[in-house]
Structures are given as structure tokens and as C-alpha cells.
Amino acid sequence: MTVAFNLATAVEAALAKAAAAAGLDAAAFSPDVRPADPRHGDYQANGVLGYAKSRKLNPRATAEQLVAALAPEIRDEFDIAIAGPGFINFTAKAHLLQAWVDAHANRSALEAGAAASSGKSGQVWIVDYSSPNTAKQMHVGHLRSAVIGEAICRLLAFGGARVIRDNHIGDWGTQFGKLIWAYKRQRDDAALASEPLEEFERLYKAGNNAAEADPTVLDEARQELVKLQSGDTENLAIWRHINEVSLAAFQKIYDLLGIHFDLTLGESFYNDKVEAVYESLIRAGLAETSQGALVVFHPEHPRFKTQPFIIRKSDGAANYASTDLATIRYRTEHYHASGALYVVDKRQGDHFEQLFLTAKKWFDKEGWTLPRLEHVDFGTVLGENNKPLKTRSGDNIRLKDLLGEAVERARRLVDEKSAELPEGERAEIASIVGVGSVQYADLCQNRSSDYVFSWDKMISLEGNTAAYLLYAVSRIHSIFRKLGLKAGEGEAGATALETPTEIALARRLVKFADALQASIAQLCPHFLCTYLYELAGEFSAFYSADKVAVDDLAIRARRLQLCARTLLILECGLNILALKTLQRM
Ligand code: ARG
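This write-up is about the structure you can find in this document.

Reading the values: rules and limits
- Throughout this description, residue numbers start from 1 for each chain and increase along the sequence as written.
- A pLDDT threshold of at least 70 governs which residues receive local features in this predicted model, and a stricter bar of 80 or more applies before side-chain atom pairs are shown or counted, although totals over entire chains, interfaces and linings include all residues.
- Each side-chain value is worked out from all heavy atoms of the structure, with water and hydrogens disregarded.
- A pair is scored as a salt bridge if a Lys or Arg side-chain nitrogen falls within 4 Å of a carboxyl oxygen belonging to Asp or Glu.
- The helix and strand labels rest on DSSP assignments: H or I over at least four residues marks a helix, E over at least two residues marks a strand, and numbering proceeds from the N terminus.
- Residue burial is assigned from relative accessible area. The probe radius is 1.4 Å, only protein chains are included, and a residue is buried under 20% of its type maximum, exposed over 50%, and partly exposed in between.
- Note on terminology: near, applied to a residue and a molecule or strand, indicates that one of the residue's heavy atoms is within 4 Å of it.
- As used in this structure description, the phrase polar contact means that two N or O atoms lie within 3.5 Å; if the pair is within protein, one of them must be able to donate a hydrogen and the other to accept it, and residues adjacent in sequence are counted only when both atoms belong to side chains.
- What sets the accessible areas is the Shrake-Rupley method with a 1.4 Å probe; for residues, cover comes only from the shown protein chains.
- We call Asp, Glu, Lys and Arg charged. Ala, Val, Leu, Ile, Met, Phe, Trp, Tyr, Cys and Pro are nonpolar, and the rest, Gly among them, are polar.
- Multiply 1.5 Å by the residue count of a helix minus one, and that product is the helix's expected span.
- Pairs of strands are assigned from DSSP output, requiring at least two bridges between the strands.
- Lines fitted to the C-alpha atoms define the axes, with helices restricted to the stretch that makes contact. Angles between their N-to-C directions range from 0 to 180 degrees.
- What makes a nonpolar core is a set of buried Ala, Val, Leu, Ile, Met, Phe, Trp, Tyr and Cys residues whose side-chain atoms join them at distances within 4.5 Å.
- By the convention used here, residues are in contact when the closest approach between their heavy atoms is within 4.5 Å.
- Criterion for a disulfide: a pair of cysteine sulfur atoms within 2.5 Å.
- Only rings of Phe, Tyr and Trp enter the pairing, Trp through its six-membered ring, and a pair is recorded when the two centres are within 6.5 Å. The plane angle decides the type: under 30 degrees is stacked, over 60 is edge-to-face, the rest tilted.
- Note on criteria: charge over ring means Lys NZ or Arg CZ within 6 Å of the ring centre, with the direction from the centre no more than 35 degrees off the ring normal.
- Each crossing is labelled by how the near helix is turned from the far one, with a counterclockwise turn of less than a right angle marking it left-handed and a clockwise turn marking it right-handed.

1. Regarding the pattern of salt bridges
Counted by the stated rule, this structure contains 42 salt bridges. Among the ionic pairs, Arg-329 bridges to Glu-333, the shortest N-O distance being 3.1 Å. Taken together, the residues Arg-329 and Glu-333, both in helix H14 (residues 320-335) and 4 residues apart, mark about one turn of the helix. Judged by relative accessible area, Arg-329 falls into the buried class, the value being 17%. A cluster of three or more residues bridged by salt bridges with shared partners is formed by Lys-184, Arg-185, Glu-220, Glu-224 and Glu-234.

Here it is in C-alpha cells:
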């Protein structure tokens, strides 16, 4: 028997077949199978109601016909019940759960299953995330795009898509005039060597203050910008240096967060591509001049009919909108992507709405196919005072300090709980738990909401936290260690699942497919987090009810199998979220 990775798809297919067999209009009937409220079953088909209503049929009678026409295999695999006005509930029987557990013994089996059911297999997705501005530190405001973006890349890749990670850095802009002015006059080479981003920030401030105090400085800074924009060798070299150094500093943070970009095509890359955008949009009759700027109005939109999308500033310079339009065109021509996802703060919602509207009309006029464009938004990280998180003195918190503090705090937890482990191992665990706690706290919330950053809640062994899940992972490793086995060994000769806790755990394992599917379809990692937390809880219940190292080797084997599968799914799940895992804690 081959078992579907996602049992919902098997139920769906069986119902579609039954519809034809029962004489329903199969083309018009969509079974609409979803995970059910666990009190009623594993899956629920909701499609009968709408179908029966549109045809003035009695939904319960239609449901009965359908169930009677279901193939014998599906009746053998599920307990099936009609509920309420015409829902059909399916509860997987123990032998089906068992078969699923047997069939999904390693990561590749899970990936193959996910690819078969995700609907994304073979598609190409460009994910535009992190994308900070250069010459500045990354601060806490940059955390979410990086963490959520990477999880989304891994979710899509697990579902069989080809993912292109693009860091659309802000590496061009008027700030470079003042920065270069100060760089030439006031730079501290020692500081530049040891803490370059701090030094760039200091220089920018110095240039800015000097320009505010003295109009001749302001003028000189403008000249530096003009020189840069017109390709002056010296200024270009300084600018290049600033960007290289910035990227090297960003990469240190990306390494901690498990991020490697395929592309880093920042705003400057599109400098020579914006002219064609203006021309094309003017030719298409979409762009017009308004108060010296080139703009696009959207007359059909309640706000954007009066609030235009400015695609070239009145001084003739390109802006965020021009480069984003050029980027869409470039990506379409070079990557033939199914779509592009922009993992960006929801406060940029208007920008993306206008960008996508403009791109749609533009591509339509030109007869090009527009890939799917989606703003994957997220809320703000708040302090315990419910305001955007800052240091006590009101400054932005640097991401590297935040991650450093997380590791320190995790270290205290590890020292307290696992004093017996060698120093080097404790440091390693602290790094995994610390950084993982920050990532996980960010991912386990619905991304569109703001969330309150709380050290105590996030670095805790209790609740839906990274430490709790990592601890569950280490505990399963230790079960195998104590028996002198590796995970995956000792499963031969297992008897069928029997106790209620064994069956409940197996049922939970099977639901990995549902959580993964929800996360992939809605690009929301928190569904997977909630699932992993529930799985770890289910494992605890199993482990306290059913001893694993029993004398009866057949029972031991089947329980070891459940341990190994739980471990596999916890590790795969955490890896999809870009957390590192450990064997001991
Ligand atoms: N650099 C921008 C910022 O810091 C984010 C860029 C997002 N990506 C894009 N294609 N607009 O706000």
C-alpha cells in the first residue's frame, strides 16, 4: 500500500471519484477537505453543502450517496461519519497511521511527499528579504524580514520549489553625499578597521551635522553626491568600499541566522535600467508629469486616485519606486519566476500596493506576463511598554547586540541546568538556544501582528519556545544514547501500534503534512511552530505513559520507531524554520 504524505489529498481524491460514481456532477463538485476539529475526526469534507444547495438537493442525502459510493480502500483506512447538515468526517484508523509512519522514515521521504502535495513543486520563486540599507547597522527592525524570509524560503524549498534568495539592499541614495564628504575629511582608519559600520554611522552623523551648521558644507556634500552619480572614480571606489564592508558585516549576522543569498542585487544595480522604465510607462500612457515629478495615478483606487505613485523625483533622480519597477522587469526577464515575494514590514503596504497595481497595468500594456507578486508583510517588534522596541536611551537596538544578549542569557540557563557538560559544549548549546530563541519567538506569532519582545518568555523551557523544542529533541537523542543506538536503529520486528498514547502520537505525526501545507499555502511559519509545539507535548504524554526501554523487544521496537519519527519531524521542522538543533542540552 502506498500512503499519501498528506492524507487530506487522498480523501479529496477518493471523494472526487465517489462523486462521479454516485452520479453527481463531478466537474462542479469540489470536496473541500480540511483538517477537522479533533473532536470530530482528522479531516472534514465541507463541499457537499454548497453543491447540494446550488442544486436544491438535500445535503444529508447527497452526503449519504457519496459515502456509499466511496471506494472500499478508503473505507478500510478511515472511520467515516456524516455530521450535522452534511459534513463528512474522516478519522484515520491505526493501521493507516502505522503505514504512514513506516513510509516516512527519513527527510527525503517527507520532502518527496511535501513536493507531491504542496502545489509548488517545480515552480521558481524569488524571495526578496532582509534587504537592509548599507552604511548602517542592522537593528532590531531588520530582524523579522531576515528570520521570516528565510523560513519562507525553506518552506517553499521543502515543498519542491526552486527558491532564489535576493537581498535587495539599499545601497544607493542621497545619504552617500554627506557620508563621502565626511569620509574624506574625518575618517578614523583604526575605527574603520575594527568597527566599520559604527564608523560609517559616526561619519554620516558628522557630515549631516556639519551640513546643517554650514551651507558651504551642504553644498560640498551635494557635489560629492553629484560626482558619485556621474561616475567619479574616487567617489565610486569609496562607495564600493562602504558597501563591501557593510555586506561583510551583514553576513556575520546572516551566518548566525542560517542565511545565504543567491543574489545581492541592490538598488544601485538598477540605476541604468530605470530610464527604460520611464519611457515604457510614458509610452503606455500610464505615467504623467505632476509638479515636476513623474507619477502614476490609479483612478479606480479610493486613495491612489489622488495619492500618486512617484516614480521619478522632481530633481530627476530615481527613487525606491523606480528601482522596484525596474527590478520586476529584470527578474521577469532573467529568472522566469512563477512569482516574487517581498518580505517587508507592513508599514510599506501602500508602496507595494501601488507598485503591483502599476506593474500589472504596465505589463498588460506591453503584453508581458506578470509573475505573481506578493507582499509578505509583518508587524513591529514591540517593547514591554507596547512601543517599538528601543534601548533604554531610546536608540535602536543593534541586531548583533540583541543576538549577543540572547546567547548570554541562554548561557545562564545552560549553566544552571547542565553544569556537568564541558565548557565548549555549553557555549555551543548557548549559541543554538540563544539565537534559536530569538528566531522562534519571531516565527511562532502570526507574522502580520506586532509582538512584544520578552526575554523571560522567549528563553524559557516552558511554553511554545525554542528551548522547549530543542530540549524535546535532546531528550529523544538521549533515549537512543542510553540504549547504545542511533535514531532509526532498533525498529526491526515492531508490532502494530496499540496503546492510546502510541496511536495519538502517530496521529500527531501524520499531521505534520497539514501544518506544513498551511504554512506553505499561506506563507505563515507560525502554523508549523504551533504544530511542533503540539507534537513535543504529545511526545511527552506518550513518553510518560509508555515506557520505551521495555523488555519485550517487539514493543520496544515500535516505540523506538515513534521516537525516531518524532525526532525526524522535530528536526526537519526546526530546520525549515532555520534553527540549528542539538543532541544534548
Ligand atoms: N531597503 C528597504 C528598507 O530598508 C527594503 C527593501 C525591500 N525590498 C524591495 N524590493 N523594496 O526599507
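2. Focus on the site of the ligand
For the ligand, the full set of nearby residues is Asp-128, Ser-131, Asn-133, His-168, Tyr-320, Asp-324, Tyr-342, Val-344, Gln-348 and Phe-352. Measuring from a nitrogen atom of the ligand, one finds a side-chain N or O atom of Tyr-320 at 2.8 Å. Between the ligand and Gln-348 there is a distance of 2.9 Å, counted from an oxygen atom to a side-chain nitrogen or oxygen. Relative to its unbound accessible surface of 350 Å², the ligand loses 87% to contact with the protein. Elements that contribute at least two residues to the shell around the ligand include exactly H14 and strand S10 (339-345). Residue composition of the shell around the ligand, grouped by class: 4 nonpolar, 4 polar and 2 charged.

3. Side note on helix H23 (residues 553-576)
In this model, H23 (24 residues) spans 34 Å end to end at C-alpha, consistent with the 34 Å of a helix rising 1.5 Å per residue. Burial runs high along H23: 18 of the 24 residues are buried. Taken from the residues just after H23, Ala-578 is the one with a positive phi, measuring 70°.

4. Topic: the sheet that holds strand S4 (residues 87-92)
In any sheet, the strands associate via hydrogen bonds between backbone groups, in a parallel or an antiparallel arrangement. One open sheet accounts for 4 strands, arranged S1-S2-S4-S3; its pairing is antiparallel. Of all the strands in the sheet, just strand S1 (33-35) and strand S3 (78-83) have a single pairing partner and so form its edges. Neighbouring strand axes in the sheet, compared pairwise and without regard to direction, differ in orientation by 25° on average. As paired elements, S1 and strand S2 (residues 43-45) share 3 bridges and run antiparallel to each other. Across the sheet, residue Arg-34 finds its bridge partner in S2, namely Gln-44.

5. Regarding the nonpolar core
Side chains of nonpolar character tend, in soluble globular proteins, to be buried together. Of all hydrophobic cores here, the largest spans 152 residues; its most connected members are Trp-100, Leu-156 and Phe-512. The biggest single contributor to this core is H23, with 11 residues. Other than its neighbours up to four places away in sequence, Leu-156 contacts Lys-120, Trp-125, Val-127, Ala-161, Val-163, Leu-341, Ile-520 and Leu-523. Membership of the second largest hydrophobic core comes to 33 residues, among which are Val-296, Ile-328, Val-344 and Phe-363.

6. Brief notes about the state of the cysteines
One pass over the full model with this rule turns up 0 disulfides. Cys-529 provides the cysteine sulfur closest to Cys-524, a residue in no disulfide bond, and the two sulfurs are 11 Å apart. According to the relative accessible area criterion, Cys-524 is buried, its value standing at 9%. Residue Cys-563 stays outside any disulfide, its sulfur separated by 16 Å from that of Cys-572, the closest cysteine.

7. Considering the packing of aromatic side chains
Overall, the coordinates contain 23 aromatic pairs when judged by the stated rule. A ring pair is formed by Phe-269 and Tyr-270, whose centres lie 5.0 Å apart and whose planes are at 85°; its orientation type is edge-to-face. The partly exposed category is assigned to Phe-269, whose relative accessible area is 28%. Since its relative accessible area comes to 0%, Tyr-270 is described here as buried. On the numbers, 5.9 Å between centres and 45° between planes, the contact of Phe-352 with Phe-356 is tilted. Here Phe-352 and its partner Phe-356 are both found in helix H15 (residues 349-366), 4 residues apart, which amounts to about one turn of the helix. Judged on exposure class, the residue Phe-352 and its partner Phe-356 are both buried. Three or more aromatic residues link up through ring pairs in this structure, and these residues are Phe-5, Trp-100, Phe-158, Phe-512 and Tyr-531. The positively charged end of Arg-329 is found above the aromatic ring belonging to Trp-368, 3.4 Å away from the centroid.

8. Let's talk about the sheet that holds strand S8 (residues 293-296)
Taken together, 3 strands build an open sheet; the order of strands is S7-S8-S9 and the sheet is antiparallel. The open sheet has two free edges, formed respectively by strand S7 (287-290) and strand S9 (309-312), since each of these has just one partner strand. With strand direction ignored, the average angle separating the axes of adjacent strands in the sheet is 45°. Here 3 bridges tie S8 to S9, and the two strands are oriented antiparallel to one another. In the sheet register, Val-296 faces S9, and the bridge partner there is Phe-309.

9. Overview of the packing of helix H19 (residues 466-482) against H23
Direction vectors running N to C along H19 and H23 enclose 145°, while the axes themselves pass 10 Å from each other. Seen along the crossing, H19 lies across H23 with a hand that is left-handed. Seen from H19, the contacting residues are Leu-469, Leu-470, Ala-472, Val-473, Ile-476, His-477, Ile-479 and Phe-480; seen from H23, they are Leu-560, Cys-563, Ala-564, Thr-566, Leu-567, Leu-570, Glu-571 and Leu-574. Grouping the constituent residues of the contact of H19 with H23 by class yields 13 nonpolar, 2 polar and 1 charged.

10. Some thoughts on unusual backbone geometry
Although it is not a glycine, Gln-291 sits at a positive phi angle of roughly 50°. Within the element layout of this structure, Gln-291 appears in the loop between S7 and S8.

11. Brief notes about the side chain of Ser-268
Relative to the helices and strands, Ser-268 is located in the loop between helix H12 (233-257) and helix H13 (274-283). Here Ser-268 falls in the buried class, since its relative accessible area comes to 16%. A polar atom in the side chain of Ser-268 sits 2.8 Å from the side chain of Asp-171. Excluding residues that lie within four positions of it along the chain, Ser-268 makes contacts with Asp-171, Trp-172 and Trp-239.

By themselves these figures say nothing about function.
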